[in-house]
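# Survey of secondary and tertiary structure
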Amino acid sequence: MAELMLGVLAEDDNDCEVIRVLIRRIFEARGVKSGAWSLQKRAGKGCSKLKRKSERWLVELAGTGCTAAVIVHDLDRNPLNGSLNDEAVLARELAAIPVPRGLVRIVCIPVEEIEAWFFSSEKVLERACGKPQKAHPRLI
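This report concerns the structure included in the present document. Position labels on residues start from 1 in each chain and follow its written sequence. For this predicted model, a pLDDT threshold of at least 70 governs which residues receive local features, and a threshold of 80 or more governs which side-chain atom pairs are given and counted, while totals over whole chains, interfaces and linings are taken from all residues. In computing side-chain properties, one takes all heavy atoms of the structure into account and sets aside hydrogens as well as water.

### Here's the deal with the overall build of the protein
Cut-off, in case you're wondering: What counts as a helix is a DSSP run of H or I of at least four residues, what counts as a strand is a run of E of at least two, and both are numbered from the N terminus. We call a residue buried when its accessible area falls under 20% of the maximum for its residue type, exposed when it is over 50%, and partly exposed in between, using a 1.4 Å probe and counting protein chains only. Contacts are assigned to residue pairs that have any heavy atoms within 4.5 Å of one another. Accessible surface is estimated by sampling points in the Shrake-Rupley manner with a 1.4 Å probe; for residues, cover comes only from the protein chains shown.
Secondary structure assignment for the protein yields five helices and four strands. Each helix (α) and strand (β) of the protein, taken in turn from the N terminus, gives the series β-α-β-α-β-α-β-α-α. The burial tally for the protein puts 34% of its 140 residues in the buried class. At a minimum sequence separation of 6, the contacts of the protein that also span at least 24 residues come to 66%. Summed over its atoms, the accessible surface of the protein is roughly 8,900 Å², and 56% of this surface lies on carbon and sulfur atoms.

Structure below.
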């Protein structure tokens, strides 16, 4: 089986690693062996750099043989009023980024910080803290 090459564009390295874990888990659940795919990442060091560099990075990834790329951009809060930014506007902005022929773009917009997904897992909390922990959802 030929190696499947995927790309991840995200705000920072942590976001790239979160997506790597999710992709690995999806592939494992479907019986795809770990050596059958690889992941290339591009981290923007912030949301403005991610948006500014995405088109160039997508071209780079396509040039290396990637057939799909995930663009991960957190849906942050407006610092002026504390409300979530408009998801539809962000989705349109990310969907408007030109994509090279042969590359599939997948947009992922986690609400606030993607790392928070892991903090909702009691197993991850236990591993990080070294003892059993209880995850508590908090409504804002």
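### Considering the nonpolar core
Keep this limit in mind: In this text, buried Ala, Val, Leu, Ile, Met, Phe, Trp, Tyr and Cys residues form a nonpolar core when linked through side-chain atoms within 4.5 Å.
Ranked by size, the top nonpolar core spans 15 residues in total, and within it L9, L58, A69, I71 and L94 carry the most contacts. For this core, the secondary-structure elements that each account for two or more residues are β1 (4-10), α2 (47-63), β3 (68-72) and α3 (87-95). With four residues, α2 is the single largest residue contributor to this core. If we ignore the near neighbours within four places in the chain, the residues touching A69 are G7, L9, L58, L61, L103, V104, R105 and I106. Counting residues in hydrophobic clusters, the runner-up holds 14 residues, among them C16, W37, L39 and A43.

### Points about the pattern of salt bridges
Two side chains with opposite charge may pair up if their charged atoms get near one another. Using the following cut-off: The rule for a salt bridge is simple: a side-chain nitrogen of Lys or Arg has to be within 4 Å of a carboxyl oxygen of Asp or Glu.
One pass over the full model with this rule turns up seven salt bridges. The closest approach of N and O atoms between K41 and E17, which form a salt bridge, is 3.3 Å. With K41 in strand β2 (residues 37-43) and E17 in helix α1 (residues 13-29), the pair connects residues that are 24 residues apart, well separated along the chain. By relative accessible area, which is 32% here, E17 ends up partly exposed. The shortest N-O distance in the salt bridge between E60 and R42 comes to 3.1 Å. Residue E60 is found in helix α2, and its partner R42 is found in strand β2; the two are separated by 18 residues along the sequence. The buried category is assigned to R42, whose relative accessible area is 18%.

### Comments concerning α2
What counts here: Helix span, as expected, comes to 1.5 Å for every residue beyond the first. One fitted axis covers the seven residues ending at a residue, a second covers the seven starting there, and the bend at that residue is the angle between these axes.
Helix length check: α2 (17 residues) gives 24 Å between terminal C-alpha atoms against 24 Å at 1.5 Å per residue, within 8%. Remark: the principal bend of α2, roughly 55 degrees, maps to S54. If you check which residues of α2 are buried, you get L50, S54, W57, L58 and L61. Against β1, β2 and β3 lie the buried residues of α2. Of the residues one or two after α2, G65 is the one with positive phi, at around 105 degrees.

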